[in-house]
Amino acid sequence: MFKKKLQKFDHKTLIKCLQAEDELQQELFQLARQIKEEVFGKKIWFRGIIEFSNICQNNCFYCGIRKGNKKLERFKVSKEEILDCLKFIDKANYGSVVYQSGELISEIFKKYLLEIVKTTHKKYPQLGITVSCGEQDFNFLKKLKQAGAIRYLLRIETSNPELYANLHPEKMSWEKRFGCLKSLQKLDYQVGTGVMVGLPGQTIEDLIRDLKFFVDNKFDMFGIGPYVIHKDTPLGKDAKIQNWWQENKEKNFNIFLNFLAILRILLPNVNIAAATACDVFDSSGRIKVLQVAGNVIMPSVTPKDCRDKYLLYQNKPNIDEGADKSFKCILNKIKKAGLEPVFGEQGNSPFYYKHN
Ligand code: SF4
């Protein structure tokens, strides 16, 4: 059996499992599922995600809401609309809310974010609050924590600083991002990170390095997505990359699923979310993730008129539906798959309590 070999980071076994297809892939999925169910059963926790602003100061080469995308109409959800979103989350009995936006470090932005976190915590103290608003300074992260945020998600995107440099403008630094993740751990957040699988220029060795990075740095939760191209980005405008992506997207999605299965085998009690981007490849993409490795789903609660302006990648699914439809649709799929939706619970990472 390959469980022990994977846990020992046996290089050959990792390569074989990352590229697994057919029978070997089923064996890998079966093992990951069994390990996941030993910790979480068939339970799936809900987080309502509010993408409250698409304004970003950065220019990541892969992202549709990058500052340089002048075609995009920018928005910021008002406080009143956020209260409406929270009412929906409360009624649907989701245990948690996620506030996500582009990265801004202006005082106006920080004040706004702090206010919405404070209001949320005051009005709905039972809700687990996650923030995902890019790299922020230590003092501000401390204030957010004091205001009621308990989790922070900041994707490292790749553990390879060289690949990171190829995907980001010079002024963005892998080391700074890693430092921010360390600050979050120091502040006792439940810290989430993640990478994109299937990036141009990414190798199998990079993915092995990512897995090692996750294990070594004791992260509590993961938001990992398959790379999906966006036409209004430097990567998406490159004809060579476009062709490469079209030709390899199915193969890369397969590797992505294997990557998550291995992650679950290596880290049985972390939280793993099923990213919406999975549904670009397959309308049951998120469900496939939940059946193999994931235990968290984040249905969108973003106001309907903002959804088509928050496209980090192309062909994002469900952008024409409201929060109610997003909820019913995924709930139906979860039940059909024999999984067990959990309501009214925050669903915190057991790994966090173990290492704290
Ligand atoms: S990935 Fe994040 S930081 Fe980079 S451009 Fe997009 S929203 Fe901004």
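Some words on the overall build of the chain
Across its full length, the chain carries 15 helices and 10 strands. Taken over the C-alpha trace, the chain has a radius of gyration of 19 Å; the compact-globule value for 356 residues is 21 Å, and the two agree within 12%. Burial analysis of the chain (356 residues in total) assigns 46% to the buried set. Here the analysis covers contacts within the chain between residues at least 6 apart in sequence; of these, 78% occur between residues at least 24 apart.

Some details on the pairing of strand β2 (residues 96–101)
Burial runs high along β2: 6 of the 6 residues are buried. You can see the chain leave strand β1 (residues 43–53), run along helix α4 (residues 79–92) and come back into β2, and the turn it takes is right-handed.

Topic: the packing of helix α3 (residues 22–40) against helix α11 (residues 239–266)
Running from amino to carboxyl end, α3 crosses α11 at an angle of 40°, the nearest separation of the two axes being 9 Å. In terms of axis orientation, α3 runs oblique to α11. For α3 against α11, the interelement crossing comes out left-handed. Taken together, the residues of α11 that come into contact with α3 (itself represented by Q25, L28, F29, L31, A32, I35 and K36) are N258, A261, R264 and I265.

Here we look at helix α5 (residues 107–123)
The end-to-end C-alpha distance of α5, which contains 17 residues, comes to 24 Å, matching closely the 24 Å that a straight helix rising 1.5 Å per residue would cover. Buried residues of α5: F109, L113, I116, V117 and T120, and no others. Angularly, the buried residues of α5 cover 95° about the axis, an arc narrow enough to put them on a single face. Away from its buried face by more than 90 degrees, α5 exposes E107, I108, K111, K122 and K123. Buried positions along α5 lie against α4, β2, β3 (128–132), α6 (138–147) and β4 (149–153).

Thoughts on the environment of Y227
Tracing the backbone shows Y227 in the loop between β7 (221–226) and α10 (234–237). For Y227, a count of 24 C-beta atoms within 10 Å translates into the label buried. With 26 residues separating them along the chain, Y227 and F253 place their C-alpha atoms 8.7 Å apart. In this structure, Y227 is in contact with Y62, M196, V197, G198 and L199, ignoring residues within four places of it in sequence.

Observations concerning the pairing of β4
When a strand is regular, its side chains alternate between the sheet's two faces. Within β4, 4 of the 5 residues are buried, which leaves the element mostly enclosed by the surrounding structure. As judged from the 3 bridges shared by β3 and β4, these two strands associate in the parallel manner. Within the sheet, the bridge partner assigned to I129 lies in β4 and is A149. Once the chain exits β3 it traverses α6 before rejoining the sheet at β4, and the crossover so formed is right-handed. Across 3 bridges, β4 lies against strand β5 (residues 190–193) in parallel orientation. Along β5, the bridge assignment pairs L153 with G192.

With respect to the nonpolar core
One finds I50, Y99, L260, A261 and L263 to be the most contacted residues of the largest nonpolar core, which totals 106 residues. Top contributing element to this core by residue count: α11, with 11 residues. Those residues in contact with A261 that lie beyond four places of it in its chain are L28, F29, A32, V292 and A293.

Describing helix α14 (residues 323–336)
Between its first and last C-alpha, α14 extends 20 Å over 14 residues, near the 20 Å set by a 1.5 Å rise per residue. Those residues of α14 lying buried are A323, S326, F327, I330 and I334. The buried residues of α14 occupy an angular sector of 95° when the element is viewed end-on, so they sit on one face. Along α14, exposed side chains directed more than 90 degrees from the buried face belong to N332, K335 and K336. Considering only its buried residues, α14 is in contact with β1, α4, α13 (285–292), β9 (296–297) and β10 (340–342).

Quick notes on the packing of α11 against α13
Where α11 meets α13, the axes come as close as 9 Å, and the angle between the chain directions of the two elements is 30°. Taken together, the axes of α11 and α13 lie roughly parallel to each other. For the element pair α11 and α13, the recorded crossing hand is right-handed. Facing α11, whose interface residues are L257, L260 and A261, α13 presents K288, V289 and V292. Here the residues of the contact of α11 with α13 sort into 5 nonpolar, no polar and 1 charged.

Comments concerning the environment of F46
Structurally, F46 is set in strand β1. Residues F46 and I89 lie 43 residues apart in sequence; the distance between their C-alpha atoms is 9.7 Å. Ignoring anything within four residues of it in the chain, the contact list for F46 reads Y94, G95, I297, P299, P341 and F343.

Quick notes on the rules
Each chain carries its own residue numbering, running from 1 in the written order of its sequence. The predicted nature of this model means local features are confined to residues of pLDDT at least 70 and side-chain atom pairs, given and counted, to a pLDDT of 80 or more, with totals for whole chains, interfaces and linings taken over all residues. Only DSSP runs of H or I with at least four residues qualify as helices, and only runs of E with at least two residues qualify as strands; both kinds are numbered from the N terminus onward. Only C-alpha atoms enter the radius of gyration, while the globule expectation follows 2.2 Å times N to the 0.38, with N the number of residues. Whether a residue is buried, exposed or partly exposed follows from its count of other C-beta atoms within 10 Å of its own C-beta, namely 20 or more, 12 or fewer, or something in between, respectively; the C-beta atoms are built from the backbone. We call two residues in contact whenever the C-beta atoms placed from their backbones are within 7 Å. Note on handedness: a crossover is taken as right-handed if, strands pointing away from the viewer, the path from the first strand over the helix to the second is clockwise. Here, axes are lines fitted to C-alpha atoms. For helices the fit covers the stretch in contact, and angles between N-to-C directions go from 0 to 180 degrees. Roughly parallel here means an angle under 35 degrees, roughly antiparallel means over 145, roughly perpendicular means 65 to 115, and every remaining angle is called oblique. Here a crossing is taken to be left-handed if its near helix is turned anticlockwise relative to the far helix by less than a right angle, and right-handed if that turn runs clockwise. What a helix is expected to span follows from its residue count: subtract one and scale by 1.5 Å. Of all possible arcs, the one meant is that of the directions from the helix axis to the C-beta atoms. DSSP calls a pair of strands paired once it identifies at least 2 bridges connecting them. Think of a nonpolar core as buried Ala, Val, Leu, Ile, Met, Phe, Trp, Tyr and Cys residues chained together by C-beta atoms that fall within 7 Å. In the scheme used here, Gly and all other residues not listed as nonpolar or charged are polar, with Ala, Val, Leu, Ile, Met, Phe, Trp, Tyr, Cys and Pro taken as nonpolar and Asp, Glu, Lys and Arg as charged.

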